[in-house]
Amino acid sequence: MTAVLGVPDQINLDYAATAPCAQAAADAVAELLPWYGSVHRGAGALSRRCTLAYERAREAVGDFVGARPDDHVIFTRNTTDALNLLARALPAGTPVVTFGAEHHANLLPWPVGSVRLPVPDCPGAAIRSVDAALRELDRPALVAVTGASNVTGERWPIANLATIARRHGARIAVDAAQLAPHAPIDIAALGVDYVALSGHKLYAPFGAGVLAGRGDWLDAAPPYLAGGGATTHVGAATHDVRWAAGPARHEAGTPNLLGAVALAAVCTALDFEALHEREQVLLHRLRSGLADIPGVAELRMFAPDADRVGIVSFVVAGRDSAEVAAELARDHNIGVRDGLFCAHPLARRLIAEAAARAGRRDLPPTALRASIGLGTSPSDVDALLGALDRRRGLRLVA
Ligand SMILES: Cc1ncc(COP(=O)(O)O)c(C=O)c1O
């Protein structure tokens, strides 16, 4: 399996925010850099090579997400950008059904009239809740859900939700920002209509993201960005313009070639089945270690044994999460995230639920998150557990 770049004495347990760069991505960028030139804009050898590399990258990413032959694969800046693009392409009056458990990127772009369902306590409840909401709406809608929570790592029942959506004549978009880096994803096999993901969470630097899925809404929508590359004809009169169909319609301006190529290299080089297996072992080590530390409470929506990817959020009773994160960095060279993880409604609710479960009143208002991936070793996990334990022994009254 390909390695990731990093700094030897720094323990990075913050993959869910931005993953380190895969060697395969760095190699692909290094190989292309001497040829660096314009994309879709030049007849010279450099430009032709870069255009080819960009379109090959599109194909590789399409294969990676299991895109159907007529799906569009559009390069964006990141998942936020991809979901905002989809929001702009919604046919007028289409309500969006989502959950209060989503990352802000999948809560905030949707139009007025959209429905935010309560956080479910099990995957079955999510399915029932979408079913009821679509029945009540009784008109074509878009269901927008995460593949895996960025707060808890818990996986959502995407294939079942897709079946329910289809039954009601609705479409489904999956925010795969946290699922794609940890497990194989297949649009066609899952029966979903759109996926959005971020390259920087998928071991590719340079900020490319993707929206992949059904072309009809995208081709009917006004261009997300208006400008060069998105048109087939521009006349002398102000509004005499014909917009391109396909990905070009929404990719005006010079694209992020290196981002696309780096992302495609990862999509081609990494074995996500194998990575998933390996991560599950590390995740078990991390979760059971945390469960053994008195005063540490894990955040979760579903049952403790629900399927999840390598992300764990937790609180240390009686300790401010920002202070714990700062101490982990300063004293142990361990990088974790603290806060509410751009999922404020969910994170606040889960902290309150964790307090109720533990019968404690001294849980802090924000949480810590440890997330693992390709470069994580058992000793990285043990370092975090040891640091938290030592801190408890030295400073905390559990
Ligand atoms: C589940 C989820 N969706 C969307 C996003 C937004 O990703 P980006 O910041 O790359 O747009 C994130 C980022 O953390 C995320 O975890």
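Nothing here was measured: the structure is a model prediction, and the numbers come from that model.

Attention now goes to the pairing of strand β5 (residues 142-146). Most of β5 sits inside the fold, with 5 of its 5 residues counted as buried. Looking at chain direction, strand β3 (residues 96-99) and β5 are connected through 2 bridges and run parallel. Directly across from V96, in β5, lies its bridge partner L142. Note: β5 against strand β6 (residues 171-175), 5 bridges, orientation parallel. Note on β6: the bridge partner recorded for V145 is V174. Between β5 and its parallel partner β6, the chain crosses via helix α5 (residues 158-167), and the hand of that crossover is right-handed.

On to the pattern of salt bridges. With the rule as written, the count across this model stands at 18 salt bridges. A salt bridge links R58 to E55; the shortest N-O distance between them is 2.8 Å. Linking R58 with E55, this pair stays in helix α2 (residues 45-64), spanning 3 residues, or about one helical turn. Note that R285 is salt-bridged to D382, the shortest N-O span being 2.8 Å. Of this pair, R285 sits in helix α9 (residues 272-291) while D382 sits in helix α12 (residues 378-395), and the two are 97 residues apart along the sequence.

Time to look at α9. A rise of 1.5 Å per residue sets the reference length of α9, with its 20 residues, at 28 Å; its end C-alpha atoms lie 27 Å apart and thus fit the reference within 8%. Residues of α9 that are buried include every one of F272, L275, H276, E279, L282, L283, L286, R287, G289 and L290, and no others. The arc that holds every buried residue of α9, seen down its axis, measures 150 degrees, which confines them to one face. Counted as exposed and oriented over 90 degrees from the buried face of α9: E273, E277, V281 and H284. A side-chain oxygen of the first residue of α9 lies 3.1 Å from the backbone nitrogen of E273; this N-cap is D271.

What follows deals with the sheet that holds strand β15 (residues 367-371). With respect to topology, 4 strands assemble into an open sheet ordered β11-β12-β15-β14, the strand pairing being antiparallel. One side of each edge strand has no neighbouring strand; the edge strands of this open sheet are β11 (296-298) and β14 (337-339). Here the average twist between neighbouring strands, direction ignored, is 30 degrees. Here 3 bridges tie β14 to β15, and the two strands are oriented antiparallel to one another. When the bridges of β15 are listed, G339 appears paired with A367. In the packing of helix α10 (residues 321-332) onto the sheet, the strands contacted are β12 (311-316), β14 and β15, and the crossing angle to β15 comes to about 40 degrees.

Moving on: the site of the ligand. In the neighbourhood of the ligand, 13 residues make up the surrounding shell, with T80, D175, S198, H200 and K201 lying closest. Note that a nitrogen atom of the ligand is positioned 2.5 Å from one of the side-chain N or O atoms of D175. Against a free-state accessible area of 390 Å², the protein chains account for coverage of 90% of the ligand. The residue makeup of the shell around the ligand, split by class, is 2 nonpolar, 9 polar and 2 charged.

Time to look at the nonpolar core. Grouped together as the largest cluster of nonpolar side chains are 93 residues, with contacts concentrated most on L134, W156, Y203, L263 and V266. Sorting elements by how many residues they give to this core places helix α8 (residues 257-269) first, with 10 residues. Counting residues in each nonpolar core, the second largest holds 24 residues, with I293, A325, A387 and L388 among its members.

Right, let's get into the state of the cysteines. Covalent bonding between the sulfur atoms of two cysteines defines a disulfide. Taken as a whole, this structure holds 0 disulfides when the rule is applied. We note that C21 lacks a disulfide partner, and the nearest cysteine sulfur, in C267, lies 13 Å from it. Take C21: its relative accessible area is 17%, and that puts it in the buried class.

Conventions adopted
- Residues numbered from 1 in each chain as written.
- Predicted model: local features only at pLDDT ≥ 70, side-chain atom pairs only at ≥ 80, totals over all residues.
- Heavy atoms only, no water.
- Buried < 20%, exposed > 50% of the residue type's maximum accessible area, 1.4 Å probe, protein only.
- Helix = DSSP H or I, 4+ residues; strand = E, 2+ residues; numbered from the N terminus.
- Pairing = 2+ DSSP bridges.
- Right-handed = clockwise from strand over helix to strand, strands pointing away.
- Salt bridge = Lys/Arg side-chain N within 4 Å of Asp/Glu carboxyl O.
- Expected span 1.5 Å × (residues − 1).
- Arc of directions from axis to C-beta.
- Polar contact = N/O pair within 3.5 Å; in protein donor to acceptor, adjacent residues only side chain to side chain.
- Axes fitted to C-alpha atoms, helices over the stretch in contact; angles between N-to-C directions.
- Contact = heavy atoms within 4.5 Å.
- Near = heavy atom within 4 Å.
- Areas by Shrake-Rupley, 256 points an atom, 1.4 Å probe, with all protein chains shown as cover.
- Nonpolar A, V, L, I, M, F, W, Y, C, P; charged D, E, K, R; others polar.
- Core = buried A, V, L, I, M, F, W, Y, C linked by side-chain atoms within 4.5 Å.
- Disulfide = S-S within 2.5 Å.

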